[in-house]
Structure formats: C-alpha cells, structure tokens
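# Observations on the three-dimensional arrangement
Each chain, letter by letter, is given below.
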Amino acid sequence: LNVRTNGTAVLRRDKKVQQDLVRDAGLRAVRQAAGSNLEEVEPFLRNESYPVVVKPVESAGSDGVQLCHTYDEARQHFLRLSNARNQCGGINSSVLCQEFLRGKEYVVDQVSRNGVHKTTMVWVYDKRPANGAAFVYFGCVPVDSQSPEAQLIIPYVRSVLDALGVKNGPSHGEVMMTPSGPCLVEMNVRAHGGDGNWMPLVRALTGYSQVDASVDAYLDEKRFGELPDRPPSPFRAAGQEVILVSYSRGTVNSTPGFDAIRRLESFLYLETSVEIGSKVERTTDLFTCIGSAILVHPDADAVERDIRRIREMEENDELFVYEAGGGRVGGGELFRSPSVLNQLSFSSDLDAVAEKGDLSPSAAAPPAAASAHRRVISSDRMDIFW
C-alpha cells in the first residue's frame, strides 16, 4: 500500500522482546525471565533479589502488575496470571518476571518520521502504594525539557526507538530513572493514552501536541521539519493531570466532590465514567481509577492548592455519597497498602549519573544474588487553546 509504517517483523508489544532488543543494542535493560510455565522462570525467581515485579507480557494500565516480596508470593502471582484473561481482552500466554527498578518513572512522548525523533512532552508518573496495590496512579506531571532528568532520558529513549526499529509515528516510552541511570520499563508504539484528556493541557503548556505532530509526520514533511526538537522551556503555564483515587466502594448516590473540583481555580475539565448509579471500587490500577482532573493555570501555586484540595477530598471520602452500605472500609478507616517501598534520594544519584554520561549496561548496579465505560468530559473553561 506504500504507507508510512514500522513493519511487522518485530513483536514490539511483547515486553520481554523489547528488553532483549534494548540489551542487544548495548543499552541498560531490566533483568528478567518469562515463560508459560513456572519451570521457565524458576531460576530467576530463586536467584534475583526481592522484591520482584511479576506481570503479563502484554497488557496495560498496571493490569496484573504486582510487586512480590517473597518467592512464594511471586510463584502464586505467576500461577494466577498464567492463561488468565487480561484487561485488554487477551489471554496471558506468558508471564514476565523482572527486577524491581527503584526510582521515579518517567514518560517520553515522541513522534518520528524516517527515523528522526522529536520529543513532544516528558512526564513523571506520580505512583504510590494504595489499597493493597503497589503501583497506583495519582497523577501525570509535566517535566521541563531542560531539566537534568530530561537531558538524560530523552537521548536514551531515542536510542530505544532505534533499537526497536521504530522510525515512524507516535511513541509513548516509559522509563525508570534508577540511581545508575535510565532503564526502559516499556515502549508503546502509539500516542499517549488517557482518551486524549492530556491534549488541551499539553497545548496550553507548549502550543502543540503529540497528535498535531503525528499528523505532520504522516502528511506534511515540511511542517514536521519545522517542529522543535523538544518542548519549549520553560512551559507557557503550570498544570498537570490529577488522577482521582478512590479509597472506598459502593453505589454512587451523588457526586458532590466532582462539583467541588469543577469550581477549583485551575480547573480545565473533568473526565470520568462515574455518575449516579455507578458502582465504584477501590482504586488499584488505571482500570479502577475514578477519573482525571486536568488543571491548568498561569500561577503554579494555584495548581498546587487545587491538587491539595483534591487529595483532601479523596482522603476524607468527600467525592461521593453512596447508597446504604457503601463508603469506607472497616467502620471509617481508609484501606491502605501494607507495602513499604524503599525510598531513595535521587538528587545525588542523578548528579552522579549526569557526570558519567554513561547509558550503557555497565553503568547499572550489578545483580544481587539471592469494564470499560463511556468517558464524560465537562468544562466551562474557554480560555485554553484546544
């Protein structure tokens, strides 16, 4: 058909294949083992230091991802995932076991044409333990393209795209900034997700979006060539996506918290599938989050005040009024994760990596022995460029 494509020879959705190709290219990749039966991953689970991450080879939104602190926990989760149906509708024919990467997780959104990669946004995920899950999304925060983190991550991710043979179209790369430098979590050869709720936020911050750049990459070589190599610094405004987290469950009778969010000073719009009559569960992944609030304002302090107010409403169970029998767990106590993750100081580590400028595997620390719903968007803001 003579269309612009990346070909089909590489199984790029397979997270194990991604890591193998990245490692073969001489870049830092995660230690891992995958298989359809436990015997195939047994040596890894017996010798890798804990905790380890066990997850489907193909899925999304933290579906099936679990941080396992012991061999028995990893074994049980492996068997639970094996041949089970994931949230994307497929069957887990293989399960992936990986080293636990300690650090902050970043996202680099890019658009490519004929192997020329242009960065449209860098983000850092706000992920925390909650509701018994280790990796709950609380937000997606834009990162200045001239920051020390971005200066390391952008060239690494472009090298990952080259290793995977991605030459055309949008990409969404997730990378952990470890004490020894960036390491791929996974590469998605698609645009940033979230039903596009981030587009007006990005346009307000930079003047264009990954979708705009993708259209140019496919249809207008000249305009693609005129796009900047990376987003402008500083941003034109302050803002972020605040992912809403539920600590309670039940059938929704009313949504007073949503009304309060819409009145916030920096409110742009609210995306949610929750309405009166909806059944809400405690949030453990993107599939059980209760929506996203997009905040944008010229004043960064206004955005921070509004984020604090949203978190207060979540903590105090003020977002919803439930029918009888719903609400908090255990007589008013919020359900929290028992896991305590190692917290590192990344500033000194980042400085050390930046000084070395080494993105190769040798820079990494050596291994240690041992119900999709219809989305509703609402906003009365007219001052943002869509």
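Residues numbered from 1 in each chain as written. Predicted model: local features only at pLDDT ≥ 70, side-chain atom pairs only at ≥ 80, totals over all residues. Heavy atoms only, no water.

## What about the pairing of strand β2 (residues 52-56)?
Burial of β2 is extensive: five of the five residues sit out of reach of the surface. Where β2 meets strand β4 (residues 95-99), five bridges bridge the pair, whose relative direction is antiparallel. Each bridged residue has a counterpart across the sheet, and for Val-54 the counterpart in β4 is Cys-97. (Buried < 20%, exposed > 50% of the residue type's maximum accessible area, 1.4 Å probe, protein only. Helix = DSSP H or I, 4+ residues; strand = E, 2+ residues; numbered from the N terminus. Pairing = 2+ DSSP bridges.)

## What to know about the side chain of Thr-119
Considering the arrangement of structural elements, one finds Thr-119 in strand β6 (residues 116-130). Take Thr-119: its relative accessible area is 0%, and that puts it in the buried class. At a separation of 2.7 Å, a polar atom in the side chain of Thr-119 contacts the side chain of Gln-110. At 3.0 Å, the side chain of Thr-119 forms a polar contact with the side chain of Arg-158. Here Thr-119 is in contact with Val-108, Asp-109, Gln-110, Ile-154, Arg-158, Tyr-208, Asp-229, Arg-230 and Pro-231, once residues within four sequence places are set aside. (Polar contact = N/O pair within 3.5 Å; in protein donor to acceptor, adjacent residues only side chain to side chain. Contact = heavy atoms within 4.5 Å.)

## Let's talk about the sheet that holds strand β11 (residues 250-254)
Strand pairing in a sheet is mediated by backbone hydrogen bonds. Such pairs are either parallel or antiparallel. Reading across from one edge, β13-β11-β15 is the order of the three strands in this open sheet, with antiparallel pairing throughout. Taken across any chain shown, the strands that pair with only one partner, and hence form the sheet edges, are β13 (279-280) and β15 (321-322). Strand direction decides the pairing type here: β11 and β13, joined by two bridges, are antiparallel. Bridge pairing links Gly-250 to Val-280 in β13.

## Things to note about the nonpolar core
By size, the foremost hydrophobic cluster in this structure holds 42 residues, and its most contacted members are Trp-123, Leu-244, Ile-261, Ile-310 and Phe-320. Of all elements in the fold, only β6, β7 (133-143), α5 (199-206), β10 (238-243), α8 (256-262), β12 (267-272), β14 (292-297) and α9 (300-315) reach the threshold of two or more residues within this core. The element best represented in this core is α5, accounting for five residues. For Phe-320, the contacting residues outside a window of four places in its chain are Val-252, Ser-254, Thr-255, Pro-256, Phe-258, Val-274, Val-280 and Ile-290. Within the second largest apolar cluster, 22 residues are counted, among which are Val-108, Leu-152, Met-177 and Met-187. (Core = buried A, V, L, I, M, F, W, Y, C linked by side-chain atoms within 4.5 Å.)

## Regarding the environment of Ser-278
Relative to the elements of secondary structure, Ser-278 occurs in the loop between β12 and β13. On the basis of relative accessibility, which here comes to 16%, the residue Ser-278 falls in the buried class. Taking C-alpha positions, Ser-278 is 9.8 Å from Ser-254, a pair spaced 24 residues apart along the chain. Excluding residues within four positions of it along the chain, Ser-278 makes contact with Gly-250, Thr-251, Val-252 and Ser-273.

## Comments concerning a nonpolar patch on the surface
Together, Val-211, Val-215, Tyr-218 and Leu-219 make up a nonpolar patch on the protein surface, roughly 370 Å² of accessible area in all. Along the polypeptide, Leu-219 turns up in helix α6 (residues 210-219). (Patch = residues over 30% accessible without salt bridge, like charges linked within 9 Å, V, L, I, M, F, W, Y side chains within 5 Å. Areas by Shrake-Rupley, 256 points an atom, 1.4 Å probe, with all protein chains shown as cover. Salt bridge = Lys/Arg side-chain N within 4 Å of Asp/Glu carboxyl O.)

## Focus on the packing of aromatic side chains
Under the counting rule described, the total for this entry stands at four aromatic pairs. A centroid spacing of 5.0 Å and a plane angle of 90 degrees characterise the contact between Tyr-125 and Tyr-137, whose relative ring orientation is edge-to-face. Linking Tyr-125 in strand β6 with Tyr-137 in strand β7, this pair joins segments that are 12 residues apart in sequence. According to the relative accessible area criterion, Tyr-125 is buried, its value standing at 13%. On the basis of an interplanar angle of 80 degrees and a centroid distance of 5.3 Å, the ring pair of Phe-258 and Phe-320 is categorised as edge-to-face. Within this pair, whereas Phe-258 is found in helix α8, its partner Phe-320 is found in the loop between α9 and β15, the two being separated by 62 residues in sequence. Through a chain of ring-to-ring contacts, the aromatic side chains of Phe-258, Phe-320 and Tyr-322 assemble into a single cluster. Positioned above the aromatic ring of Phe-224 is the side chain of Lys-118, whose terminal nitrogen or guanidinium carbon lies 5.1 Å from the ring centre. Stacked on the ring of Phe-138, the Lys or Arg Arg-128 has its end atom at 4.3 Å from the ring centre. (Phe/Tyr/Trp six-rings, centres within 6.5 Å; stacked < 30°, edge-to-face > 60°. Lys NZ or Arg CZ within 6 Å of the ring centre and 35° of its normal.)

## Digging into the side chain of Thr-272
By secondary structure assignment, the location of Thr-272 is in strand β12. Among the polar contacts listed, one links the side chain of Thr-272 to the backbone nitrogen of Val-274, at a separation of 3.0 Å. A polar contact is formed between the side chain of Thr-272 and the backbone oxygen of Ile-290, at a distance of 2.7 Å.

## Some remarks on the pairing of strand β9 (residues 181-188)
Of all the eight residues making up β9, eight are buried; the element is thus mostly covered by neighbouring parts of the structure. With seven bridges joining them, strand β8 (residues 169-178) and β9 adopt antiparallel strand pairing. Bridging from a neighbouring strand, His-172 pairs with Asn-188 of β9.

## Regarding the pattern of salt bridges
As a working rule, side chains carrying opposite charge can pair if their charged atoms are close by. Within the structure shown, the criterion is met by 21 salt bridges. The shortest N-O distance in the salt bridge between Asp-126 and Arg-128 comes to 2.7 Å. Residue Arg-128 is classed as partly exposed on the basis of its relative accessible area, which comes to 34%. In this structure, the salt-bridge partner of Asp-229 is Arg-230, at a minimum N-O distance of 3.3 Å. Residues joined by salt bridges that share partners form a network here, namely Arg-28, Arg-31, Glu-48 and Glu-99.

## Description of the sheet that holds β4
Here four strands make up an open sheet; going across it, the order is β1-β4-β2-β3 and the pairing antiparallel. Sheet topology places β1 (32-35) and β3 (66-68) at the edges, where each strand pairs with a single neighbour. The mean inter-strand angle of the sheet, taken between neighbouring strand axes irrespective of direction, is 25 degrees. Against the sheet, helix α2 (residues 38-47) contacts β1, β2 and β4, and its axis sits at roughly 160 degrees relative to β1. (Axes fitted to C-alpha atoms, helices over the stretch in contact; angles between N-to-C directions.)

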